[in-house]
Amino acid sequence: MNAYIERVLAETKAKNANEPEFLQTVEEVLSSLEPVINAHPEYEKACLLERMVEPERTIEFRVVWMDDNLQYHVNRGYRVQYNAALGPYKGGLRFASNVNLSIIKFLGFEQTFKDALTCLPIGGAKGGSDFSPIGRSDGEVMRFCQAFMTEFHRHIGQDIDCPAGDVGVGGREVGYLYGQYRRIVGAAEFGAMSGKAVCTGGSILRPEATGFGAVYYLREVLKHDGKGIEGLRVAMSGYGNVGWGIMKKIDELGGKVTYFAGPDGYIHDPDGVCGEEKLNFILEMRAKDPMHCKPYADKFGVEFVEGQKCWGVKDVDVYMPAATQNDVNMEWAKKIAESGVPYYIEVGNMPTTNDALAFLMEQKHLTVAPSKAVNACGVSVSELEMAQNAQRIYWTAEEVDAKMEAIMKNIYDASVEAAERYGLGYNLVAGANIAGFQKVADAMMAQGIF
Ligand code: 2IT
């Protein structure tokens, strides 16, 4: 390993010992940058890596709100404004009970490289709260969002930081957050948040963008091997916004999602999650109770395997982990490798532990694609939303979809090219890290020390 990278990794570990998720992503990204760092000795002189791993700004704030029984609750809000060398900070807000600084920092670090990979003018950030909307009434969610934005509004703006959704923050939450922002600043400053409903300045196709984009990326991977989506069978985890978008697009393009896993176990539907009835049922099931997917099996008379993940099933062509971080550890990675399934396409943020990812990448029969490239279409359409807001126009679904396809193809091509340039062969994981890093590095070097 390059001595400069080793030193920065050791210093980062010493400084952030209580942040395991953050250290995991820093290690994953930095260890794949070796050939670039070797080729650019000037980066060490400019302390470039030390600057990249340290967020430009970390904001923590108190959020006090009242539940339906008039009880007060105190939660913690976060925004880690990681890097704005390429444009305004951009990245989602996550509302979930396990949110802490380590998780928000790992997401913000990943977001910086992901946003750079899109080649759009956006920097990286992430935020959220340890508040979970699950089991809360609509009124409680609204009051929480308003309380969150009452503090948060002073840190964002269309040219400063444009947050959006992530786990636990969907269209409803963005609506309440943006509404409160608009009331406080007294202006229809649309570009201060993305993921808005189309009726309040949102972009058409934003809810579908991450899932659709993942399938567009997968299509490029398959094309590389002379294959297509027609007849393809997919096993995935997660059936949130992103998972649902994947199911819909795979169905449209003639493939089938035959396995999907939720927190309670996995579903095996040999006919695939296809057609309006099944896709709509998934939406209803999730809205009623996001923790259980068994009702799908009861409704459509298919198999449900309780308490298990579907990694390792053999009768599919692609695995797509689209749930939460560290879904696939070494134990599951071994089952994935043994199955002989040829594609492992990460979708959720950091779904694989570092040892499992390294192990999967060593498997000669397996093509591995990284989430920071595969799921980048969500934030890309968020940026298209900012662009439409700046021009006070709406693009049509066809216009947005065409841009989505072009952006995802470009991300795939740039990743392939970056890995080849540094003699790493067909390595989509290192290629994405290098291509994203290079964009941020060029902008930081051009802007001088700050
Ligand atoms: O992980 C992600 O890229 C997101 N949650 C979306 C961020 C955004 O600004 O749309």
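These numbers were taken from a predicted model, which means no experiment stands behind them.

1. A look at the packing of aromatic side chains
Here is step 1 of the chain: Scanning the model with the defined rule gives 23 aromatic pairs in all.
Here is step 2 of the chain: Look at Y43 and F437: their rings are 5.8 Å apart centre to centre, the planes differ by 75°, and that puts the pair in the edge-to-face class. On the criterion of sequence distance, the pair formed by Y43 in helix α4 (residues 42-45) and F437 in helix α18 (residues 428-446) is long-range, its members being 394 residues apart. Each member of the pair, Y43 together with F437, is buried.
Here is step 3 of the chain: Between F61 and F152, the ring centres sit 5.8 Å apart and the planes meet at 15°, which makes this aromatic pair stacked.

2. What about a nonpolar patch on the surface?
Here is step 1 of the chain: Nonpolar side chains collect at one region of the surface, where V64, Y72 and V74 lie side by side and expose about 330 Å² of accessible area between them.
Here is step 2 of the chain: For V74, the location among the structural elements is in strand β2 (residues 72-83).

3. Structural notes on the side chain of R206
Here is step 1 of the chain: Among the secondary structure elements, R206 is positioned in helix α9 (residues 206-224).
Here is step 2 of the chain: Although R206 lies buried, it forms no salt bridge, and the closest oppositely charged side chain, E385, sits 5.2 Å away as judged by the N-O distance.
Here is step 3 of the chain: A polar atom in the side chain of R206 sits 3.1 Å from the backbone oxygen of G378.
Here is step 4 of the chain: Among all residues touching R206, those that are not within four sequence positions of it are G195, G378, V379, V381, S382 and E385.

4. Here's the deal with the site of the ligand
Here is step 1 of the chain: Around the ligand sit 14 residues in total, of which K90, K114, D166, R206 and S382 are the nearest.
Here is step 2 of the chain: In this structure, an oxygen atom belonging to the ligand sits 3.0 Å away from a side-chain N or O atom of K126.
Here is step 3 of the chain: G165 places a main-chain nitrogen or oxygen 3.0 Å from a nitrogen atom of the ligand.
Here is step 4 of the chain: Compared with its free state, where it exposes 290 Å², the ligand has 93% of that area covered by protein.
Here is step 5 of the chain: Elements supplying a minimum of two residues to the shell around the ligand: β3 (89-95), α6 (101-117), β5 (161-165) and α16 (376-391).
Here is step 6 of the chain: Here the residues of the shell around the ligand are counted per class, giving two nonpolar, seven polar and five charged.

5. Regarding the sheet that holds β5
Here is step 1 of the chain: The five strands lie next to each other as β1-β2-β4-β3-β5, forming an open sheet whose pairing is mixed. Each end of this open sheet is capped by a strand with a single partner; those strands are β1 (57-66) and β5. On average, adjacent strands in this sheet sit at an angle of 20° to one another, irrespective of strand direction.
Here is step 2 of the chain: Bridge count for β3 against strand β4 (residues 124-129) is three bridges, and the pairing is parallel.

6. Remarks on the packing of helix α17 (residues 397-421) against α18
Here is step 1 of the chain: As a packed pair, α17 and α18 sit with axes 7 Å apart at the nearest point and diverge in direction by 95°. Overall, the two elements α17 and α18 adopt an arrangement that is roughly perpendicular. The segment α17 lies against α18, with Y412, A414, S415, V416, A418 and A419 engaging L428, G431, A432, I434 and A435.
Here is step 2 of the chain: Tallied by class, the residues present in the contact of α17 with α18 amount to nine nonpolar, two polar and no charged.

7. Here we look at the pattern of salt bridges
Here is step 1 of the chain: Per the counting criterion, the structure on display carries 27 salt bridges.
Here is step 2 of the chain: Of the charged contacts in the structure, one is a salt bridge between D68 and R143, with a shortest N-O distance of 2.8 Å. Of the two residues, D68 is situated in the loop between β1 and β2 and R143 in helix α7 (residues 138-152); the sequence distance between them amounts to 75 residues.
Here is step 3 of the chain: Overall, the relative accessible area of 44% leaves D68 in the partly exposed class.
Here is step 4 of the chain: For R143, a relative accessible area of 29% translates into the label partly exposed.
Here is step 5 of the chain: Taking the shortest distance from any N to any O, the salt bridge between E140 and R136 comes out at 3.5 Å.
Here is step 6 of the chain: Look at E140 and you get buried, because its relative accessible area is 6%.
Here is step 7 of the chain: Assessed through its relative accessible area of 29%, R136 is described here as partly exposed.
Here is step 8 of the chain: One network of salt bridges, in which partners are shared, links R7, E11, E44 and E50.

Rules behind the numbers
Residues numbered from 1 in each chain as written. Predicted model: local features only at pLDDT ≥ 70, side-chain atom pairs only at ≥ 80, totals over all residues. Heavy atoms only, no water. Phe/Tyr/Trp six-rings, centres within 6.5 Å; stacked < 30°, edge-to-face > 60°. Helix = DSSP H or I, 4+ residues; strand = E, 2+ residues; numbered from the N terminus. Buried < 20%, exposed > 50% of the residue type's maximum accessible area, 1.4 Å probe, protein only. Patch = residues over 30% accessible without salt bridge, like charges linked within 9 Å, V, L, I, M, F, W, Y side chains within 5 Å. Areas by Shrake-Rupley, 256 points an atom, 1.4 Å probe, with all protein chains shown as cover. Salt bridge = Lys/Arg side-chain N within 4 Å of Asp/Glu carboxyl O. Lys, Arg positive; Asp, Glu negative; His and termini not counted. Polar contact = N/O pair within 3.5 Å; in protein donor to acceptor, adjacent residues only side chain to side chain. Contact = heavy atoms within 4.5 Å. Near = heavy atom within 4 Å. Nonpolar A, V, L, I, M, F, W, Y, C, P; charged D, E, K, R; others polar. Pairing = 2+ DSSP bridges. Axes fitted to C-alpha atoms, helices over the stretch in contact; angles between N-to-C directions. Parallel < 35°, antiparallel > 145°, perpendicular 65-115°, else oblique.

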